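Overview (structure and organization)
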Amino acid sequence: MDKIKQLRERKERLKALGSSVRNEISLLADADSFVELAAFSFSKNAFYDEADADGEGVVTGFATVGGYPFYIVAQNFAVRSGGLSKANCDKIAKTLSAAEKNNTPVIYLLHSQGVQVGEGVNVLEGIAQLLLKATQLKGTVPQFAILEGEVYGSAAALASVCDFVFFQKESALCTGSPLVLSAKAGKNLKKEEVGGYQALKNAGLPALLVADVKEAAVKIMEISELLNTAVVDEELNEPAPALNAAVNAEALVSVLEKGVEIGANCCPEVKTLLARAGGIAVAAIVFDGVALNAANVKKIRGFAELACCYSLPLVLFVDCVGIEPSLAVNDSAVLKEIAEYLSILDAIDTAKISVVTGKAVGIGYSLFAAKSVGFDYNFALASAQISLFESGAGAQIEFAQEKHADAGKLAKLYADETADPVNAAKEGYLDDVIEPQFIKQYLIAALQTLG
């Protein structure tokens, strides 16, 4: 038997079976950089009356993306709809062990309609092993999931472990079949309406929307640069006088450089960005008139955890009026999420900086600006408000004895005399009160000092 001829035939069969997924890998990775691992992985499946499943429905290997090294796990939808099997899970788990050993990030190209029928408990054990291994990598090496189409069942659980999840227009991430989920709700929805980027606005995933794998590769390069390169030479910017006229979320985002927003589909009143300030990589949270609820605190907590895992300075631009006063929020996990956030905040050992740009009212100040929860440097804009209550409610309580006073005048008095951030600075609770145009200079100086 001609062994070389036989090997070539086997490799050609593998390439033919995985031509689509290998093309996606070539779009993602730098040219000629992909090196395949465990290419010949087979298992029997009596249910399908087939002897072998070439490639076991998944292609694994390592490559560079923008010059950065990654391990790559790509599900081959051409093999049993990308269904997970025990051997499939073993193959992925081995790749994750190599990533852990070599301290190298992982990119998943996910496209799966669930598990392979006929494997029973075997595949369930494999899934447990795989999910545990992926969870153990969290906070050790970054994990990126690119959703190539349908990602259902256990494959969706794998995506949820990742630090960054890239959706495309045709992506659908579902805990089960979208047909079943839709029918259970008495509706007839498309898969994207069940598990698409916009549909999962309450899922709390670190999601990004991209046009295709090439755009995902660009975003991965940008994120990798931020996570791997702490400082880039960059001069301090000139003041921005326009900020003195108007301070809003859009203007504050422009203070940052090379920002990549994570999770924009969820709780848009809280913007979470990986970015730079004066060339220094930071994890920044921009509040836009936030009333706290379980969902937005969860988003804040999750992003603070990302900063903690990858040793990034945490920068908060605070405009928060405290907890939303509603029955629904009162009967929610908001207090539990607050407790989890405080635990993560305490674990962060890099610089923690708070800039009060709008209101810091009640627990909104305590959680996101107070020295006592560990902020190393905090300052407020001259136009900011720091108070126990918002102006109207505060006036009614603080000046309740003045029964015949004008309510409007009391509100103004409360805002001017009690909520002025200079009062907090006088007590030593704020490091400074500044003009808005100087935000970036103060921020960069603090980052350089706290380094």
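Summary of the structure given here. Please read all numbers here as calculations on a predicted model, not as lab measurements. (Residues numbered from 1 in each chain as written. Predicted model: local features only at pLDDT ≥ 70, side-chain atom pairs only at ≥ 80, totals over all residues. Heavy atoms only, no water.)

**A word on the pattern of salt bridges**
One pass over the structure, following the stated rule, counts ten salt bridges. Each of Arg-301, Glu-305 and Glu-337 takes part in salt bridges that share partners, so that together they form one network. (Salt bridge = Lys/Arg side-chain N within 4 Å of Asp/Glu carboxyl O.)

**Re the nonpolar core**
In terms of nonpolar packing, the biggest core is built from 67 residues, with Leu-28, Phe-164, Phe-166 and Phe-368 touching the most fellow members. No other element matches the seven residues that helix H8 (residues 213–228) contributes to this core. Apart from the residues lying within four places of it in its own chain, the contact partners of Leu-28 are Val-65, Ile-72, Ile-107, Leu-109, Ile-146, Val-213, Ala-217 and Ile-220. Residues Val-106, Leu-158, Leu-205 and Ala-207 belong to the second largest nonpolar core, which totals 33 residues. (Core = buried A, V, L, I, M, F, W, Y, C linked by side-chain atoms within 4.5 Å. Buried < 20%, exposed > 50% of the residue type's maximum accessible area, 1.4 Å probe, protein only. Helix = DSSP H or I, 4+ residues; strand = E, 2+ residues; numbered from the N terminus. Contact = heavy atoms within 4.5 Å.)

**Some points on the pairing of strand S11 (residues 280–287)**
When a strand is regular, its side chains alternate between the sheet's two faces. Counting buried positions along S11 yields eight of eight residues, so the element is predominantly enclosed. On S11, burial covers both faces: Ile-280, Val-282, Ala-284 and Val-286 on one face and Ala-281, Ala-283, Ile-285 and Phe-287 on the other are all buried. In the sheet, strand S10 (residues 270–277) pairs with S11 via eight bridges, with the strands oriented antiparallel. The partner of Ala-277 across the bridge, within S11, is Ile-280. Taking the residues that link successive antiparallel strands as the turn, the S10-S11 hairpin has two residues, and the phi of Gly-278 there is positive, at about 60°. Sheet analysis places S11 next to strand S13 (residues 314–323), joined by four bridges and oriented parallel. Along S13, the bridge assignment pairs Ile-285 with Leu-316. (Pairing = 2+ DSSP bridges.)

**Digging into unusual backbone geometry**
Backbone geometry places Asn-103, a non-glycine residue, at a positive phi of 55°. For Asn-103, the position within the fold is in the loop between helix H3 (86–101) and strand S4 (106–112). Even without being a glycine, Cys-267 presents a positive backbone phi close to 45°. Within the secondary structure, Cys-267 sits in the loop between strand S9 (257–262) and S10.

**With respect to helix H18 (residues 439–450)**
The terminal C-alpha atoms of H18 lie 16 Å apart, and with twelve residues this matches the ideal 16 Å at 1.5 Å per residue to within 8%. When we look at burial in H18, the residues that qualify are Ile-439, Lys-440, Gln-441, Leu-443, Ile-444, Ala-446 and Leu-447. (Expected span 1.5 Å × (residues − 1).)

**Notes on a nonpolar patch on the surface**
Nonpolar side chains collect at one region of the surface, where Ile-323, Leu-335 and Ile-363 lie side by side and expose about 240 Å² of accessible area between them. Structurally, the position occupied by Ile-323 is in strand S13. (Patch = residues over 30% accessible without salt bridge, like charges linked within 9 Å, V, L, I, M, F, W, Y side chains within 5 Å. Areas by Shrake-Rupley, 256 points an atom, 1.4 Å probe, with all protein chains shown as cover.)

**Quick word on the packing of H3 against helix H4 (residues 121–137)**
One way to put it is that H3 packs onto H4 with a least axis distance of 8 Å and a crossing angle of 15°. Here H3 lies roughly parallel to H4, going by the angle between them. For the element pair H3 and H4, the recorded crossing hand is left-handed. Residues Lys-86, Cys-89, Asp-90, Ile-92, Ala-93, Leu-96, Ser-97, Ala-99 and Glu-100 of H3 pack against Asn-122, Val-123, Gly-126, Ile-127, Gln-129, Leu-130, Lys-133, Ala-134 and Leu-137 of H4. Considered class by class, the residues forming the contact of H3 with H4 number ten nonpolar, four polar and four charged. (Axes fitted to C-alpha atoms, helices over the stretch in contact; angles between N-to-C directions. Parallel < 35°, antiparallel > 145°, perpendicular 65-115°, else oblique. Left-handed = near helix turned anticlockwise from the far one by under 90°. Nonpolar A, V, L, I, M, F, W, Y, C, P; charged D, E, K, R; others polar.)

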